[in-house]
Amino acid sequence: MLSAKSMPDFLEGNNLPHIIPQPRKLKWGSSYVQLNEFKFESWNVPEHICGLYRNALPLNEQGGKLFKLTSTPSVKPEGYNLKIAENEISVCASDERGFFYALQTIKQLKLGNLLVCVKIEDFPQLAIRGFHFNLESVEMLDFNEVRRIIEMLGKFKINTLLLEYADKFPFTKHPAISSVAAFRRDEIQEFERLAKANCIDIIPLVQSLGHVRHVLRHPQYRYLLETEVEKLRREQFCPLKEDAFELFREMASEIMAAHPESRYLHIGGDETGSLGKCPDCASAAARYGTSRLYADYMNKVCAWVKSRGRIPVLWDDIISNLQYTEIADLLDKDAVIMYWDYWTTKPESPLLVARGTGYGVVHDKRWDGEWSRELQEPEKTVLAKFSKGIDLEKELAAGNYLKIFGRYLGRGFPKYVNAFPYIGFYRDKGFRVIGAPTTLGNGIDDTFGLPNYSRFLCNIREFSNKCVKEKLLGLVTTAWYNFPPEILSLGIMATAQHTWRGNTP
Ligand SMILES: [Zn+2]
């Protein structure tokens, strides 16, 4: 005879559900319950949250057992306590996200009408757990795909979407910039609604200086170009042309209006390799330096963003570039630094990203010889494909690099470098930092026709662990190349897992 305590056949053995991200504390019971025996009840929980539960679960108003939601201020932000027992199901949280995430966990546990008994205490390690959509590069992210992936982000408890439209926004004042494949206004309103329904904050990204090829390719805006560059995608505005700043403001205003609740605006600022090249900029740089040319413009952009009630965020690669180290002193400290590094895959890393040294990504040349047997994957492939072996101590000392950044490299230098060493530099300069690994960037790094997941997953994991350890604002995983959108799924789950858990047991 089937006793009330026995498990159904399909849950026996090792077939219990694997929840992503893994809850912090989880203790399985030895029985299961049927949801239609439970009646919904709530204490001090907003009606729209109660509605989510009622709609998602087959509860029964005539049920004899209680499914109870209780607002509990002692539960950590975004966290929840969930108890599924034979006679009662209880969810406690202190905020909307906590209740939403408890429901996501229940959905992952649910098998039809059945729930396995379990006790969970859960909360995230990082406040910002984000993913990046680059709508310009990932061409196949159409309306239905964006909708599907936003729902997926919510399901896995990711709470931030860095949304880069480039030419996919339906600009009113500058319609020429909008691609024929741009989203419609009603579609963008739907993104905004969906994000809110999935507890996701949107951070719009509007390039303010570099990477504005989608604007400059039109003849009427060509006069705003700094200089012709080899890599067209890196075409940039001239920071001294007032019309460029005005155009940025007009584009950003429309995008911010479409996302009225966003706290942050990402202003790009990366890979501006043509700094100081036009005659006006060259003369300015000769007078007061290229660092100030960049910092003055970015500070102007930041001041405007702040005047619109948003916090500016920018990419970090120019700020840690050895050629421009004064920028960190000159730049507005209210700006949040988004630190990208797509190569580091270990806490003690054989490689170092040393921009502005003339080398880029480097490692001690002994890794190519006497230490080579110690190398494992994915470092072995990353070093071979992306990094240059040099006499690190000698070459970096010669260029002043060690004088500025040496203190952040750790005791293992030159053999090993502390992963993501510029976190210390940015913090010492007074900035808040968000980490940015990638699930698809800096070379497709082809592995049998697929991205090199072993590199990307380790990059996401190590950067998440570091952000947790250093108590940073959070982490946003980037994705850059034009693959079918399904390719993003694994990176999304890795981001969810590691930003929620860090390296806690
Ligand atoms: Zn210029």
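For the structure itself, look to the data block above.
About the criteria used
- Residues numbered from 1 in each chain as written.
- Predicted model: local features only at pLDDT ≥ 70, side-chain atom pairs only at ≥ 80, totals over all residues.
- Heavy atoms only, no water.
- Pairing = 2+ DSSP bridges.
- Helix = DSSP H or I, 4+ residues; strand = E, 2+ residues; numbered from the N terminus.
- Axes fitted to C-alpha atoms, helices over the stretch in contact; angles between N-to-C directions.
- Contact = heavy atoms within 4.5 Å.
- Donors = N, O, S within 2.8 Å, 3.2 Å for Na, K, Ca; no water.
- Tetrahedral: all angles 85-135°; square planar, octahedral: opposite > 155°, others 65-115°.
- Buried < 20%, exposed > 50% of the residue type's maximum accessible area, 1.4 Å probe, protein only.

**Student:** Tell me about the sheet that holds strand S1 (residues 25-34), and please be specific about residues and values.
**Tutor:** The strand order across the open sheet built from six strands is S1-S6-S4-S5-S3-S2, with neighbouring strands paired in mixed fashion. Looking at the sheet topology across the chains shown, the edges are occupied by S1 and strand S2 (38-43). If you compare each strand with its neighbour and ignore which way they point, the axes differ by 15° on average. Sheet analysis places strand S3 (residues 65-71) next to strand S5 (residues 88-93), joined by six bridges and oriented parallel. Each bridged residue has a counterpart across the sheet, and for Phe 67 the counterpart in S5 is Ile 89. Along the sheet, helix H1 (residues 47-56) makes contact with S2, S3 and S5, crossing S2 at roughly 170°.

**Student:** Kindly report on the coordination of the zinc ion, identifying the contributing residues and their values.
**Tutor:** At the metal site, the zinc ion is ligated by Glu 226 (OE), Cys 238 (SG), Cys 278 (SG) and Cys 281 (SG), and these contacts range over 2.2 to 2.4 Å. Taken together, the four donor atoms coordinating the zinc ion span angles of 98 to 117° at the metal, a pattern that classifies the geometry as tetrahedral. In primary sequence terms, the donor set of the zinc ion follows E-x11-C-x39-C-x2-C. The same class applies to Cys 278 and to Cys 281, which are both buried.

**Student:** Before we move on, can you summarise the sheet that holds strand S14 (residues 351-354) with the specific residues and values?
**Tutor:** In a beta sheet, neighbouring strands pair by backbone hydrogen bonds and run either parallel or antiparallel. Taking strand neighbours across the sheet as the criterion, the three strands line up as S14-S15-S16 in an open arrangement whose pairing is mixed. Both outer strands of the open sheet, S14 and strand S16 (388-390), are each paired with one neighbouring strand and no more. Averaged over neighbouring strand pairs, the angle between their axes works out to 45° when direction is ignored. One ladder, built from four bridges, connects S14 with strand S15 (residues 360-364); its direction is antiparallel. Following the sheet pairing, Leu 352 is matched in S15 by Val 362.

Such coordinate-based values are descriptive only and should not be taken to indicate function.
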